[in-house]
Structure formats: structure tokens, C-alpha cells
Amino acid sequence: MSTRIFAVSKKAGIWMAETFQLMLLFLAGFGILWATIIEVLAVVGKGGPNLGDVLMLFLLIELAAMVAIYFKTNRLSVRFLVYIAITALTRVLVVDAKTMENSTILTLVGAIFVLTLGVLILRWCEVWFGEDDEQKD
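Residues numbered from 1 in each chain as written. Predicted model: local features only at pLDDT ≥ 70, side-chain atom pairs only at ≥ 80, totals over all residues. Heavy atoms only, no water.

1. Structural notes on the overall build of the chain
Note the cut-off: Elements are defined by DSSP. Helices are runs of H or I of four residues or more, strands are runs of E of two residues or more, and each kind is numbered from the N terminus. Put simply, the radius of gyration uses C-alpha atoms, and a globule should come to 2.2 Å times the residue count raised to 0.38. When a residue's accessible area, from a 1.4 Å probe over protein chains only, is under 20% of the maximum for its type it is buried; when over 50% it is exposed; and in between it is partly exposed. The Shrake-Rupley method, run with a 1.4 Å probe, gives the accessible areas here. Residue values count only the displayed protein chains as cover. Note that His is not counted, nor are the chain ends; the positive residues are Lys and Arg, and the negative ones are Asp and Glu. For charged residues, the charge sits on one atom: NZ in Lys, CZ in Arg, CG in Asp, CD in Glu.
Across its full length, the chain carries four helices and zero strands. Listed N to C, the secondary structure of the chain is α-α-α-α in terms of helices and strands. Taking 14 Å as the expected radius of gyration for a compact globule of 137 residues, we find that the chain reaches 20 Å, considerably beyond that expectation. By principal-axis analysis of the C-alpha atoms, the chain measures approximately 65 × 45 × 25 Å. Sorting the 137 residues of the chain into buried and exposed places 17% on the buried side. As displayed, the chain offers around 10100 Å² of accessible surface, 72% of which is attributable to carbon and sulfur atoms. Positive and negative side-chain charges of the chain, numbering 11 and 12 respectively, have mean locations separated by a distance of 6 Å.

This is the structure in C-alpha cells:
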């Protein structure tokens, strides 16, 4: 294969991958917007939010922020995914704690604790070892 054909095909492949990525980001953003509208309408329909509704809105805000940051930087921090997981587990714990067995509650609390330690370790690593070249942009 000639060098010219390889260069053209490589550029085409990169363009297709980036286009596909942007389309999926737009779809994800639209899905988050749609879910937010549905959630707000449900809250308005029942007359006001409860704690589970507020936590669901925080989840949607975090997802929207993650998509926005990915659009701006073309990178995704693992910490944002962990924050979303912590908020999701907290929502499950708050909404369903009355009907859960003690072992399930302890498991959820343990998972939240482990995820929180993970965020702490990630932050310490950033401080100790600095940001990588990709994060400095």
C-alpha cells in the first residue's frame, strides 16, 4: 500500500470516528435533556419534589456536565463517572431504605465509601504525580 493511500485512509478513519463520537454525544445530550424534561414534568404533576426527585435531578445535571466537559476538552475524567455512581447509589439508599434489608443498606453504604475512597485516591495521585499531558490542555 502506498504512503499516500495510507495517509488518506487514516484521515478518513479519524474523520469518521470523530463524527460518530460527536453524533453519539449529541444523542446523549438530547437524551439527558429529554429525561430532565420528563422528570421535571413528573415533579410538577405530583405537586412538588421529594428527596429522590432532587437527587435524580442532580444525577441528570452531572450527566449533562460530563457531556459538556467532554465536548469542551474531548476527554472524560473518571472522577465524574465515580461522582455519578455515588449520587446514584445515594438516591437508591434514600428512596428505598425503608424497604431494604440491613445487609443491602450496609452493602450500599460500603459501596459509597469505597467509591469515595477511590475519588480521594485519584485526587491524591493528581497532586502527587501531577496531571498528565492530556489534562493540561
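Back to the write-up after that little detour.
2. Overview of the environment of Val119
Formally: Residue contacts are counted whenever heavy atoms from the two residues lie within 4.5 Å of one another.
Position of Val119 among the secondary structure elements: in helix H4 (residues 102-129). For Val119, a relative accessible area of 10% translates into the label buried. When the C-alpha positions of Val119 and Glu18 are compared, they lie 29 Å apart, and in sequence the two are 101 residues distant. With sequence-adjacent residues up to four places away left out, Val119 is seen in contact with Arg79, Val82, Tyr83 and Ile86.

3. Topic: the packing of helix H3 (residues 78-96) against H4
To keep it simple, the criterion reads: Comment: axis = line fitted to C-alpha atoms, over the contacting stretch for helices; angle = value between 0 and 180 degrees taken between N-to-C directions. Here the word oblique covers every angle except those under 35 degrees (roughly parallel), over 145 (roughly antiparallel) and from 65 to 115 (roughly perpendicular). Two helices crossing with the near one rotated counterclockwise from the far one by less than a right angle form a left-handed crossing, whereas a clockwise rotation gives a right-handed crossing.
Packing of H3 against H4 brings their axes to within 10 Å, and their N-to-C directions diverge by 160°. By the criterion of interaxial angle, the relationship of H3 to H4 is roughly antiparallel. Handedness of the H3/H4 crossing: left-handed. Seen from H3, the contacting residues are Val78, Arg79, Val82, Tyr83, Ala85, Ile86, Leu89, Thr90, Val92 and Leu93; seen from H4, they are Ile105, Leu108, Val109, Ala111, Ile112, Leu115, Thr116, Val119, Leu122, Arg123 and Glu126.

4. Side note on the environment of Gly110
Looking at where Gly110 falls in the secondary structure, it is placed in helix H4. Judged by relative accessible area, which is 29%, Gly110 ranks as partly exposed. Between the C-alpha atoms of Gly110 and Glu39, which are 71 residues apart in sequence, the distance is 29 Å.

Treat this as a map of the structure, not an account of what it does.
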